[in-house]
Amino acid sequence: MSVATRTINFTLNGAPVSATIAPHHTLLEVVRDTFGLNGARESCGQGLCGCCTLMVNGQSVSGCLSLAAFADGATVTTVENLAVDGKLSPLQTAFIECGAFQCGFCTSGFLLMATELLASNPKPTEGEIRNHLSGNLCRCATYPEVMRAVQLAAERMA
Amino acid sequence: MNRGNDRLENLLIPFELLEPRTLPEALSMLADDDTAVRPMGGGTALMLMMKAAVFTPRRLVSLRALAPALGGIALDERGALCLGGMATLSSLEHSALVKTHASVITRAMPQLSNVRVRHVATVGGALAHADPHMDLPTILTALDARVQIAGPGGSRELFVDALITGYYETALAGNELITGVAIDAVPGRKAAYIKCTTRAADDWPALGVALSLVCSGGHIETARVVIGAATDRPTRVPAAEAALAGALIEGTTLAAATLDRVRDAVASQVVYTSDAQGSGAYKRQLARVHVVRAITAALQA
Ligand SMILES: Cc1cc2nc3c(=O)[nH]c(=O)nc-3n(C[C@H](O)[C@H](O)[C@H](O)COP(=O)(O)OP(=O)(O)OC[C@H]3O[C@@H](n4cnc5c(N)ncnc54)[C@H](O)[C@@H]3O)c2cc1C
Ligand code: FES
Ligand code: FES
């Protein structure tokens, strides 16, 4: 069967881009394989772990469950967009200072989810942080350090 | 820059993807007699089924472009809370109207899947999927919600109870779409939902108990008691509802004899399925305990 392709145009980390895709391609595959942005990665492939987190029109989504076709016209940002001119964001710095990762596989997802949380809720309670990050799994079990890092970033950004 | 797709290695099998702009257009692209043609709301459930190869679509009809028309949350002229079929679960979670008129939904949302899934999953998908472990169908059954359905011959309405007919089974024809859900305004109604997961909050529940109590003058007039997750489909327990009807409210609880009758009814009148979340006997015991907690939670709401 010949697969119909289509061209999608979207904004990726601030720059207008276009890509030729097929309807069955996921946004995660396009971001990684077509644009070489490898911060988001597929782990569970089922929406459970958050390793594939991408921001689409300002909202976190699981890239593994998103069809690339729907990114047409959208604004997509990835973890690579958090640092500005090579300067890490306060949250990224706090992750490093608190040792909020071990292997780092889950880190891009935690960073994007926590950035999303702090943007809408600059002073989250512990419960609110846990709740927002409950769909992110860390096999190295750095949860306590992640909690501390998010709290530290929130204090510094206040 | 335009990039090709030479490096894409895909888990999904190719299909046709259509993006109709209007409801009539969407309906005309569906097929009553072809299970390989499906509407797609947020796609969270479909993507999982496609990746697991339990569903191989020939054609997907995305309803995304209908979100402006079918994604709203509003009160109708009779005060019923209307949730659009394309309203996302996170729009329910953060809606002031939902909080005022059906706060049981607001309270349940943080425990339903996770932030990313709620950002895209829709009311229509949450009902049409009919996985018995899902939360919203059980809650909406307790609220006696009406599901609005559009098809080639016009529209019709079903109570959630009649929509979901069994394990992943609904009364929807292949060429029908859920356009919305209406929850009637019932003065004095208090509701609660308790979900019981055996490991972490994101796991599929072993049990969901939803109930609504219509209270007036210090007693319960009528009640709906619904057991989900542990059953093939959200299941009402008429004997428990009868035990609650007329009961005197004592603070945030009821007479011990009434609670005993409710406990016995949920234990004896429901068939509990054994599966990965636990044995039927275990879930029956969970139900005995949690139905009483749900009554207290509803009376406190
Ligand atoms: C990681 C993860 C965790 C989850 N945890 C929970 C949980 O804790 N509790 C819970 O309740 N659920 C949970 N879910 C399930 C989730 O609620 C469903 O996947 C979601 O509600 C489906 O909505 P959707 O819009 O994405 O549906 P889709 O995937 O688009 O569609 C699902 C089904 O509904 C049909 N459909 C979609 N829209 C319509 C419509 N308007 N009219 C007619 N048919 C339609 C589709 O054809 C398909 O058969 C979880 C899902 C994931 C991925
Ligand atoms: S890979 Fe997408 S959520 Fe786990
Ligand atoms: S740091 Fe290893 S998975 Fe989180």
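## Quick look at the domain arrangement of chain A
Residues and elements named next belong to chain A. Each domain of chain A was delimited in the assignment, giving domain 1 (6–79) and domain 2 (90–157). Placing the centre of domain 1 and that of domain 2 at their C-alpha centroids yields a distance of 22 Å. With 17 residues of domain 1 at the interface, the matching set in domain 2 holds 13 residues. Between domain 1 and domain 2 lies a buried interface of about 1100 Å² when both sides are counted; carbon and sulfur atoms form 60% of it. At the junction of domain 1 with domain 2, the criterion picks out zero salt bridges. Every element with two or more residues in the side of domain 1 that touches domain 2 is listed here: strand 3 (53–56) and strand 4 (59–62). Looking at the side of domain 1 that touches domain 2 element by element, the count peaks at three residues for strand 3. Class assignment for the residues of the side of domain 1 that touches domain 2 results in seven nonpolar, eight polar and two charged.

## Comments concerning the sheet that holds strand 5 (residues 73–75) of chain B
Two pairing modes exist for strands in a sheet, parallel and antiparallel, and in both the strands are linked by backbone hydrogen bonds. All names here are of chain B. Strand order across the open sheet formed by five strands is 5-6-11-7-8, with antiparallel pairing between neighbours. In this open sheet, the two strands that pair with only one neighbour each are strand 5 and strand 8 (154–159). Going across the sheet, the axis of each strand differs from the next one's by a mean of 25°, ignoring polarity. Sheet analysis places strand 5 next to strand 6 (residues 81–84), joined by three bridges and oriented antiparallel. If you follow Leu75 over to strand 6, its bridge partner there is Leu81.

## Looking at the layout of surface pockets
As a volume, the second largest pocket reaches approximately 640 Å³. The wall of the second largest pocket is formed by 26 residues, among which A:Val56, A:Asn57, A:Phe70, B:Arg64 and B:Val120 lie closest to the centre. Of all the secondary structure elements, the ones that give two or more residues to the lining of the second largest pocket are strand 1 (6–12) and strand 4 of chain A together with helix 7 (115–120) of chain B. Grouping the constituent residues of the lining of the second largest pocket by class yields 13 nonpolar, eight polar and five charged.

## Remarks on the pairing of strand 4 (residues 59–62) of chain B
All names here are of chain B. In terms of strand pairing, strand 2 (residues 16–18) meets strand 4 through three bridges, oriented parallel. Across the sheet, Leu18 pairs through a bridge with Val61, a residue of strand 4. When strand 3 (residues 37–40) meets strand 4, the two strands line up parallel, connected through four bridges. Opposite Met40, over in strand 4, you have Ser62 as the bridge partner. Viewed along the sheet, the connection from strand 3 through helix 2 (residues 44–51) into strand 4 turns out right-handed.

The rules behind these values
- Residues numbered from 1 in each chain as written.
- Chains lettered and ligands numbered in written order.
- Predicted model: local features only at pLDDT ≥ 70, side-chain atom pairs only at ≥ 80, totals over all residues.
- Heavy atoms only, no water.
- Domains from an automatic or database assignment.
- Contact = heavy atoms within 4.5 Å.
- Buried area = accessible area lost by both parts, 1.4 Å probe.
- Salt bridge = Lys/Arg side-chain N within 4 Å of Asp/Glu carboxyl O.
- Helix = DSSP H or I, 4+ residues; strand = E, 2+ residues; numbered from the N terminus.
- Nonpolar A, V, L, I, M, F, W, Y, C, P; charged D, E, K, R; others polar.
- Pairing = 2+ DSSP bridges.
- Axes fitted to C-alpha atoms, helices over the stretch in contact; angles between N-to-C directions.
- 1 Å grid on protein atoms, 1.4 Å probe; cavity = no way out; pocket = protein on both sides within 12 Å on 5 of 7 lines; lining within 4 Å.
- Points joined across faces, edges and corners; volume = space filled by probe spheres on them.
- Right-handed = clockwise from strand over helix to strand, strands pointing away.

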